[in-house]
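Topology and contacts: notes
Okay, here's what each chain looks like letter by letter:
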Amino acid sequence: MKNNSKVVIVLLAIVALSLIAACVPAQPAPVTVVETVVVEKEGETITVVETVEVEKIVEVEKEVFKEVSPVAYNSMHGDPEPRRVDEMLVQMFNEQNPDTPVDQSTINHEDFKQAIRAYLVADPAPDVMTWFAGNRARFFIDKGLILDISDVWEEQGWNEDYPKGFRAMSSVDGKQYFLPSSWYWWAIFYRKSIFEEQGITPPETWDELLTTCDTLNEQGIIPITIGTKFRWTAAAWFDYINMRLNGPEFHLNLMLGKESYEDPRVKAVFEKWTELFEHNCFIEDAAAYSWQDALDPLNRGEAAMYLMGQFITDSVAEEVQDDIDFFRFPIIDPDQPIGEDAPTDGYFMSANAKNAEGGKKFLAFMGSKEAQTIMVEELGRLPVHSGVDPGLFNPMQQKGIELIQGADLVVQFYDRDTTPEMADAGMNGMMAFWDDPEAIDDILADLEAVRQEVFAEEE
Amino acid sequence: MAVTSPTVHQKQKMNWTPYLFLIGPLALYLVWIIGPMLYTFYLSLTDWDGISPEAKYVGLENFEALFSSLGRRVPSAFEYSLSNNLKWLLTFITVPVGIGLGLAMVLNQDVKGDRFFKMGIFLPQVLSLPVIALIWSYGVYSPRGGLLVSLLNMGIDDPPAMLAEKHLVIWAIILAAAWRQVGYIMILYVAGLKNVDPTLLDASLVDGANAWERFRHVIFPLLAPVTTIVVVISIIDSLRSFDMVWVMTKGGPANASSVLAVLMYIQAFNNYKMGLGAATAVILFAISLVFIIAYLSRVMKDELEY
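Residues numbered from 1 in each chain as written. Chains lettered and ligands numbered in written order. Predicted model: local features only at pLDDT ≥ 70, side-chain atom pairs only at ≥ 80, totals over all residues.

Some details on the overall build of chain A
Here is the rule we go by: The way it works is that DSSP assigns letters per residue, a run of H or I at least four long becomes a helix, a run of E at least two long becomes a strand, and they are numbered from the N terminus. Working definition of burial: number of other C-beta atoms within 10 Å of the residue's own, with buried at 20 or more, exposed at 12 or fewer, and partly exposed in between, all C-beta atoms being placed from the backbone. A pair of residues counts as a contact when their C-beta atoms, built from backbone coordinates, are within 7 Å of each other.
Helix and strand content of chain A: 22 helices and 14 strands. The buried share of chain A, reckoned over its 459 residues, is 43%. Restricting the contact set of chain A to residue pairs at least 6 apart, pairs at least 24 apart contribute 77%.

Structural data, given as structure tokens:
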């Protein structure tokens, strides 16, 4: 009798204690920062009497704890090279600004695209995040989730230092929300040595491209390698064939949902695409490879070309680096204006940022000439800041700049220019087409249905 | 007086102690499982995008959208998901169960090194699903040097890239999942076999039953409780599958390997259509409910009999 009630009381006590323990707030983040500073101080105070040292340490801990207000920075630069530079820049900022240290959290590129939704509605949301320009950013800006940073633009003089096009890209209704930091061009990258051996010059027209494929196939070389496991590499082909065949304006209108997917011009894109299949231009089983996997044949000299963004040079094997060059996507219709994909990466801040001031400081640093220069030197990306010394650009970068300057219209990329749902359906449609080109009419009908549903909601 | 009071007293005491123990877990269950479940039901009737502060009530629109997407020439993601889950379910309740049972029967006898084999076959269970997915997608299925292709190259002229062919991809994933499942089923059956009363087996021997008859009429019926558990676990695992598909193909190519859990994730977190994702989750729940009710009614019936 008595034993039973004792057991119950003890159990209740345990439950109560565990509830209390669970309610204790977690240790605040600045602990690590505190440690580093303390270590440095220790070094300085080595000669002081031991007892005093101990006191000092405690004092310093308290001081630093009060002053530090960390900036939460979530980054998607997971690939090795971009990550190295990203962390380098963060470290530079932290050294210059020890009272607003940046707390960096990096996850891989693909997963970040899903994670951002959770970041933006979290409380507190991360202060600064990497993201893409174009519709991708607009989607969140229109929902009021992004902080207006027009004041930072004004203070830092970016309204003058950044080209008009990039400023326009970052603004909605006259206010700036986005900080573009680097852009890169897309082109067909190829192995110079293979072309030389086979006596091929970079094709400039569609027919020349098909002939190049034939020549390479005869020699047992895969003309074009591609990894479509994550779909967007296939979307690049759609973008370019559409822009070359129907003009970049039509392409952009299609992205914005103003044109129909059942328009005969869209079908014509897929018919041209089929010609590439007929000439066996692509590597087999492309859907089994991620874009990095598909680099392997290029590295080994088994494949010659890859339609890809300039970041391909980050991942190409070292021995092959000097053997890579690029050419502009071939012209199909010489009467059409030339459009190019030049996706722009950048940063923005969430409207719910806990440390908006610190975040803006970090943004100011990342958008400065200093930081932009480092990105050019280390990663070979093209900066947005016009103050960066053009002498820094190596021949390939200069060629890339010329490529984009020669374009009549610059677009972002399929899955950045159109809404996420449309992009998902569209890319799935392209994969379905790749697998079964005959089904294109049904695929386009389905895409049109999605387009009407998606863009009708927005009106 | 002395006879009735202790019983009454005992009854009163028994009443509240167990409930007190239950309060903790029940509270957690309500908050973490039931609550979100009800919230999902509510979300499936809205068009919430996961970000905006408001969600508009749209009734059964989400469900209509899903079901009306069936029957197209290019199957929709939902259609692929339903058929893939079904394939997964049917495979899981037959293949790993059959192989697991066979292995358990074989290893239950005095075979040399049986513990070594049992351990080896169970080992995949220890690895997490994403790890297994990576091993299979790069080590086995990769068209450039994977194990499968190397084997097939010896006989077949143009071996398919399993993860790129829309008709083969789901089977490739199910195979990897089943490979892992076999060990688990086998261990369950090994335990079950140990519980088979040897006197019954001896009796059947005396009655002149051969090996097959012994299995069919004595061993297998005695394994019924284990089989029930095994089948239920297989069904639940097959409906829950997400990790393997996500890591190997993310539901591709073009939705060919999509399963309901993957579809739900993409709709909710990739396409900002929480309502649609919730509706998919509700459908998944409904399908699971059918099997769970079947299992529970069976188990409750047995308990009542006792």
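Observations regarding the overall build of chain B
Which entries qualify depends on this criterion: Both definitions apply: the radius of gyration is a C-alpha atom measure, and the globule rule equals 2.2 Å times residues to the power 0.38.
Across its full length, chain B holds 13 helices and 0 strands. Reading the secondary structure of chain B in the N-to-C direction produces α-α-α-α-α-α-α-α-α-α-α-α-α. In summary, chain B has a C-alpha radius of gyration of 25 Å against a globular reference of 19 Å for 306 residues, an excess of more than 25%. Each principal axis of the C-alpha atoms in chain B carries an extent, and together these give about 70 × 65 × 30 Å. Counting every position in chain B, which comprises 306 residues, the buried fraction comes to 34%. For chain B, long-range pairs separated by at least 24 residues make up 67% of all intrachain contacts whose partners lie at least 6 apart in sequence.

Regarding the confidence of the model for chain B
If pLDDT is low for a region, its predicted coordinates should not be looked at in detail. Defined as follows: Known as pLDDT, the predictor's confidence for each residue is given on a scale from 0 to 100.
When the pLDDT values of chain B are averaged, the result is 86; 93% of them are 70 or greater. Overall fold confidence for the complex sits at a pTM of 0.77, while the interface term, ipTM, reaches 0.75.

Side note on the domain arrangement of chain A
Residues and elements named next belong to chain A. Test applied: A domain assignment, automatic or from a database, supplies the domain bounds used here. We call Asp, Glu, Lys and Arg charged. Ala, Val, Leu, Ile, Met, Phe, Trp, Tyr, Cys and Pro are nonpolar, and the rest, Gly among them, are polar.
As assigned here, chain A comprises domain 1 (75-182 + 344-387) and domain 2 (186-341 + 398-458). Here the C-alpha centroids of domain 1 and domain 2 sit 28 Å apart. Each side of the interface is counted separately: domain 1 has 13 residues, and domain 2 has 13 residues. Elements that contribute at least two residues to the side of domain 1 that touches domain 2 include exactly α4 (80-96) and α6 (135-141). Per-element tally for the side of domain 1 that touches domain 2: the top contributor is α6, with 3 residues. Considered class by class, the residues forming the side of domain 1 that touches domain 2 number 5 nonpolar, 4 polar and 4 charged.

Description of the sheet that holds strand β9 (residues 303-309) of chain A
Residues and elements named next belong to chain A. Rules: Strand pairing is assigned whenever DSSP identifies at least 2 bridges connecting the two strands. All axes here are fitted lines through C-alpha atoms, helices being fitted over the stretch that makes contact, and every angle between N-to-C directions spans 0 to 180 degrees.
Sheet architecture is open: 4 strands sit in the order β8-β9-β7-β10, paired in mixed fashion. This sheet does not close on itself; its edge strands, each paired only once, are β8 (222-224) and β10 (324-327). Going across the sheet, the axis of each strand differs from the next one's by a mean of 30°, ignoring polarity.

Digging into the pairing of strand β12 (residues 344-349) of chain A
All names here are of chain A. For β12, a buried count of 6 out of 6 residues is recorded, marking the element as mostly surrounded by other parts of the structure. One ladder, built from 5 bridges, connects strand β3 (residues 128-132) with β12; its direction is antiparallel. Bridging across to β12, M129 finds its partner in F348. Strand direction decides the pairing type here: strand β6 (residues 178-183) and β12, joined by 5 bridges, are antiparallel. By the bridge assignment for β12, P180 is matched with G346.

Notes on the sheet that holds strand β13 (residues 382-383) of chain A
What holds strands together in a sheet is hydrogen bonding between their backbones, with the strands either parallel or antiparallel. Residue and element names in this part refer to chain A. Taken together, 6 strands build an open sheet; the order of strands is β2-β1-β3-β12-β6-β13 and the sheet is mixed. Among the strands making up the open sheet, the edge pair consists of β2 (102-106) and β13. Of the pairings in the sheet, the one linking strand β1 (residues 71-75) to β2 comprises 5 bridges and is parallel in character. Considered in β2, the bridge of V71 is made with V102.

Remarks on the environment of L298 of chain A
Residues and elements named next belong to chain A. Checked against the element boundaries, L298 lands in helix α15 (residues 295-300). The spacing of L298 and T225 is 73 residues in sequence and 7.1 Å in space, taken between C-alpha atoms. If sequence neighbours within four positions are ignored, L298 has contacts with R191, T225, A303 and Y306.

Details of the interface of chain A and chain B
Chain A puts 27 residues into the contact, and the matching count from chain B is 28 residues. Elements that contribute at least two residues to the side of chain A that touches chain B include exactly α1 (2-23), α5 (109-121), α21 (420-435) and α22 (440-458) of chain A. The element that contributes the greatest number of residues to the side of chain A that touches chain B is α21 of chain A, accounting for 7 residues. Within the side of chain A that touches chain B, the residues separate by chemical class into 13 nonpolar, 3 polar and 11 charged.

Points about unusual backbone geometry
All names here are of chain A. Between D123 and P124 the backbone carries a cis peptide bond, its omega angle lying at 5°. Relative to the elements of secondary structure, P124 occurs in the loop between α5 and β3. A positive phi angle, close to 75°, is found at R231, a residue other than glycine. By C-beta crowding, R231 is classed as buried, having 23 other C-beta atoms within 10 Å. For N280, which is not glycine, the phi dihedral falls at a positive 50°.

Digging into helix α12 (residues 232-246) of chain A
Residue and element names in this part refer to chain A. Rule in force here: A helix is expected to span 1.5 Å for every residue after the first.
With 15 residues, α12 extends 20 Å between its outermost C-alpha atoms, agreeing within 8% with the 21 Å of an ideal straight helix rising 1.5 Å per residue. Of all 15 residues in α12, 14 are buried, a share of seventy percent or more. Phi turns positive, to about 90°, at G247, one or two residues after α12.

Some remarks on the environment of E448 of chain A
Residue and element names in this part refer to chain A. Along the chain, E448 turns up in helix α22. Sequence separation of E448 and R191 is 257 residues, and the distance between their C-alpha atoms is 39 Å. The contacts of E448, once residues within four sequence positions are left out, are S260, Y261 and E262.

Topic: the environment of R451 of chain A
Residues and elements named next belong to chain A. Within the element layout of this structure, R451 appears in helix α22. Taking the C-alpha atoms as reference points, R451 and Y73, 378 residues apart in sequence, are found 35 Å from one another. Excluding anything up to four places from it in sequence, R451 contacts G257, Y261 and M422.

Concerning the nonpolar core
Most often, soluble globular proteins have nonpolar side chains that are buried together. We count it as follows: Core membership is restricted to buried Ala, Val, Leu, Ile, Met, Phe, Trp, Tyr and Cys residues, and these are joined into a nonpolar core through C-beta atoms within 7 Å.
One finds F189, Y306 and F348 of chain A together with L163, I173 and Y189 of chain B to be the most contacted residues of the largest nonpolar core, which totals 184 residues. Sorting elements by how many residues they give to this core places helix α7 (residues 169-194) of chain B first, with 14 residues. The residue makeup of this core includes at least three contributed by each of domain 1 (75-182 + 344-387) and domain 2 (186-341 + 398-458) of chain A.

Side note on the confidence of the model for chain A
Averaged over every residue, the pLDDT of chain A is 83; residues scoring 70 or more account for 88%. When the elements of chain A are averaged for pLDDT, helix α2 (residues 31-44) of chain A gives the smallest value, 37, and helix α14 (residues 264-278) of chain A the largest, 95.

Topic: the packing of α12 of chain A against α21 of chain A
Residues and elements named next belong to chain A. Our working definition: An angle below 35 degrees is treated as roughly parallel, one above 145 as roughly antiparallel, one from 65 to 115 as roughly perpendicular, and anything else as oblique.
At a minimum axis separation of 9 Å, α12 and α21 run at an interaxial angle of 85°. When the axes of α12 and α21 are compared, the pair comes out roughly perpendicular. Listed contacts from α21 to W232, A234, A235 and F238 of α12 are M427, M430, M431 and W434. Here the contact of α12 with α21 is composed, by residue class, of 8 nonpolar, no polar and no charged.

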